[in-house]
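Read off the chains here:
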Amino acid sequence: QVQLVESGGGLVQPGGSLRLSCAASGFTFSLYGMGWYRQAPGKERELVASITSNGGSTNYADSVKGRFTISRDNAKNTVYLQMNSLKPEDTAMYYCWSSYRGSWGQGTQVTVSS
């Protein structure tokens, strides 16, 4: 079965960095686009970043452009989200998504606070 397992979340001070990872299994990872979404309390889930199957094209929400970088390693079946210059408004549950059947991971919490 499809599994998307996120890791790397945590508590970080404003201006800090985190790298999220999403390990995928149960499908041919290299054939599918991947993305990261986030959902803050009381808000709708929103797309943060996405990447095509071969990593050749990426897309970012305006709010994270220039601060976040999505990448993937098809040999490791893993997609990453490097988050720099974090702000309190980045606080949310971050979810990994695959275009394979619209699959979701369980989420990892990111909290940006001093």
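Note: the structure precedes this text.
Residues numbered from 1 in each chain as written. Predicted model: local features only at pLDDT ≥ 70, side-chain atom pairs only at ≥ 80, totals over all residues. Heavy atoms only, no water.

Undergrad: Which parts of the structure should I look at to understand the sheet that holds strand 8 (residues 78-83)?
TA: One key point about sheets: their strands pair by backbone hydrogen bonds, in either a parallel or an antiparallel sense. Spatial strand order, 1-3-8-7: four strands in an open sheet with antiparallel pairing. For this open sheet the edge positions go to strand 1 (3-7) and strand 7 (68-73), each flanked by a neighbour on one side alone. For this sheet, the mean angle separating the axes of adjacent strands, direction not counted, is 15 degrees. In terms of strand pairing, strand 3 (residues 18-25) meets strand 8 through six bridges, oriented antiparallel. Considered in strand 8, the bridge of Cys-22 is made with Val-79. (Pairing = 2+ DSSP bridges. Helix = DSSP H or I, 4+ residues; strand = E, 2+ residues; numbered from the N terminus. Axes fitted to C-alpha atoms, helices over the stretch in contact; angles between N-to-C directions.)

Undergrad: Just checking my understanding: could you explain the pattern of salt bridges for this structure?
TA: Pairing is possible between side chains of opposite charge, provided their charged atoms come close. Applying the stated criterion across every chain, the model contains four salt bridges. With a closest N to O distance of 2.7 Å, Arg-38 and Glu-46 form a salt bridge. You can call Arg-38 buried: its relative accessible area is 6%. The exposure class of Glu-46 is partly exposed, given its relative accessible area of 35%. The salt bridge partner of Asp-90 is Arg-67, with a shortest N-O separation of 2.8 Å. Of the two residues, Asp-90 is situated in the loop between strand 8 and strand 9 (92-98) and Arg-67 in the loop between strand 6 (58-60) and strand 7; the sequence distance between them amounts to 23 residues. Take Asp-90 and Arg-67: they sit in the same class, and that class is buried. (Salt bridge = Lys/Arg side-chain N within 4 Å of Asp/Glu carboxyl O. Buried < 20%, exposed > 50% of the residue type's maximum accessible area, 1.4 Å probe, protein only.)

Undergrad: What am I meant to see in the side chain of Ser-103 here?
TA: Looking at where Ser-103 falls in the secondary structure, it is placed in strand 10 (residues 103-104). In this structure Ser-103 touches Val-2, Leu-4, Cys-96, Trp-97 and Ser-98, once residues within four positions along its chain are discounted. (Contact = heavy atoms within 4.5 Å.)

Undergrad: Can you walk me through the packing of aromatic side chains in this structure?
TA: Any aromatic ring pair is given by two values, namely how distant the centres are and how the planes are angled relative to each other. This model, assessed by the stated rule, comprises seven aromatic pairs. Considering the side-chain rings of Phe-27 and Tyr-32, the 5.9 Å spacing of their centres and the 75 degrees angle between planes classify their relative orientation as edge-to-face. Given a relative accessible area of 25%, Tyr-32 falls into the partly exposed group. Geometrically, the ring pair formed by Tyr-95 and Trp-104 is edge-to-face, given 6.4 Å between the ring centres and 90 degrees between the ring planes. Residue classification places Tyr-95 among the buried residues on the basis of a relative accessible area of 14%. Among the aromatic residues, those joined into a ring-pair cluster are Phe-27, Phe-29, Tyr-32 and Tyr-100. A cation over a ring is seen here: Arg-45 above Trp-104, with NZ or CZ 4.5 Å from the ring centre. (Phe/Tyr/Trp six-rings, centres within 6.5 Å; stacked < 30°, edge-to-face > 60°. Lys NZ or Arg CZ within 6 Å of the ring centre and 35° of its normal.)

Undergrad: Any chance you could explain unusual backbone geometry here in plain terms?
TA: With the exception of glycine, the majority of residues adopt a negative phi angle, and the majority of peptide bonds are in the trans configuration. Unlike most non-glycine residues, Asn-77 shows phi in positive territory, near 55 degrees. Mapping Asn-77 onto the fold places it in the loop between strand 7 and strand 8. Look at Asn-77 and you get partly exposed, because its relative accessible area is 27%.

Undergrad: In this structure, what is going on with the state of the cysteines? I would like to understand it.
TA: Put plainly, a disulfide is one covalent bond tying together the sulfur atoms of two cysteines. Applying the stated rule across the entire model yields one disulfide. Across the disulfide, Cys-22 is cross-linked to Cys-96 (sulfur-sulfur distance 2.1 Å). The disulfide joining Cys-22 to Cys-96 has a torsion of about -80 degrees about its S-S bond and is therefore left-handed. Residue Cys-22 is found in strand 3, and its partner Cys-96 is found in strand 9; the two are separated by 74 residues along the sequence. Here the two residues Cys-22 and Cys-96 agree in accessibility, since each one is buried. (Disulfide = S-S within 2.5 Å.)

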